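Remarks on the overall topology
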Amino acid sequence: MEEWYAYPLLILVGFVVGFVNTVAGGGSLLSLPILIFLGLPSTLANGTNRVAVIFQTAVATAGFKSKGVSTFPFNIYLGCSAFFGSILGARLAVDISGALFNRILAIVMICVVLIVAFGPKIGMKEIQERLTGKYLWLGIIAFFFFGIYGGFINAGLGFIIILFLHYVNRMTLVRSNATKVAVVFMYMVSALIVFAWNDQVNWKIGLILAIGNASGAWVASRVSVNMGDGFVKKFLIFMVSILAVKLWFYQ
């Protein structure tokens, strides 16, 4: 990290990652390789990346709220469940290799593309959010397991969260995004605590990366609200397709 270009590169990459993560997901598949390229061991890069994601999701949540998009207290229920799942996932991430899991996740990403592109269409007139009763409990259970993966690697999870909220809880893609960033903020806190406890966080690099992440998240939270579900859907398909290919061939 002595090269002159390292810090400007981190901020630039952080901006792109913050934008991508807020509109869709998968930005960590860009930031993690960059952190490793700059000299961080993979586990330390995984932990350091969490610092930037926490700032990113906090700013994105504020950005959505400033546009009048909030799903409180539903997002708190899901976030609390994911918080505890994330503790387990982060414990696994401290010393595990994920080459095989990357290929499995690549298959999941392809499924996501197919669902987004060819899944049942939910017209705006048919949107009737389902945030209570059995649908709330389905969400709480599902987000515990989402939290495990979020604590483990987190990369690509945003796609799954958005689709779950859209098809199970009948949220628009914009409101799904607003819920996602709030939930990720909550479970990322517990993951960061585990990584920090195990000395797997470079705070200086994480905070520099966070400058870019937070800036990109603020822009994305406002752009996605202004441009609506059509923009989010196209961006989802584009990003998932690219990241699925990357995951399949990454060793």
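An account of the accompanying structure is given in this report. (Residues numbered from 1 in each chain as written. Predicted model: local features only at pLDDT ≥ 70, side-chain atom pairs only at ≥ 80, totals over all residues. Heavy atoms only, no water.)

Taken as a whole and judged by the stated rule, the model has six aromatic pairs. Where F143 meets F146, the ring centres are 4.9 Å apart and the plane angle is 75 degrees; that geometry is what we call edge-to-face. Of the two residues, F143 and F146 both sit in helix 6 (residues 133–152), three residues apart, roughly one turn of that helix. Judged by relative accessible area, which is 0%, F143 ranks as buried. Residue F146 is classed as buried on the basis of its relative accessible area of 13%. Between the aromatic rings of F146 and F164, the centroid separation amounts to 5.7 Å while the plane-to-plane angle is 85 degrees, which identifies the pairing as edge-to-face. In this pair, F146 sits in helix 6 while F164 sits in helix 7 (residues 157–167), placing the two residues 18 residues apart along the sequence. Each member of the aromatic cluster is reached from another via a ring pair, and the members are F143, F146 and F164. (Phe/Tyr/Trp six-rings, centres within 6.5 Å; stacked < 30°, edge-to-face > 60°. Helix = DSSP H or I, 4+ residues; strand = E, 2+ residues; numbered from the N terminus. Buried < 20%, exposed > 50% of the residue type's maximum accessible area, 1.4 Å probe, protein only.)

A few words now on the pattern of salt bridges. Throughout the structure, instances matching the rule amount to one salt bridge. When the shortest N-O distance is used, the salt bridge between E129 and R175 registers 2.4 Å. Here R175 lies in helix 8 (residues 173–197) and E129 lies in the loop between helix 5 (99–118) and helix 6, a separation of 46 residues in the sequence. On the basis of relative accessibility, which here comes to 25%, the residue E129 falls in the partly exposed class. Residue classification places R175 among the partly exposed residues on the basis of a relative accessible area of 23%. (Salt bridge = Lys/Arg side-chain N within 4 Å of Asp/Glu carboxyl O.)

What follows is about helix 4 (residues 74–93). Taking 1.5 Å per residue, 20 residues should reach 28 Å; helix 4 reaches 28 Å between its end C-alpha atoms and fits that length. If you look at helix 4, its biggest bend is around 25 degrees, right at G85. Turning to helix 4, its buried residues are F74, N75, L78, G79, S81, A82, G85, S86, G89, A90 and A93. (Expected span 1.5 Å × (residues − 1). Bend = angle between axes of the 7 residues up to and from the residue.)

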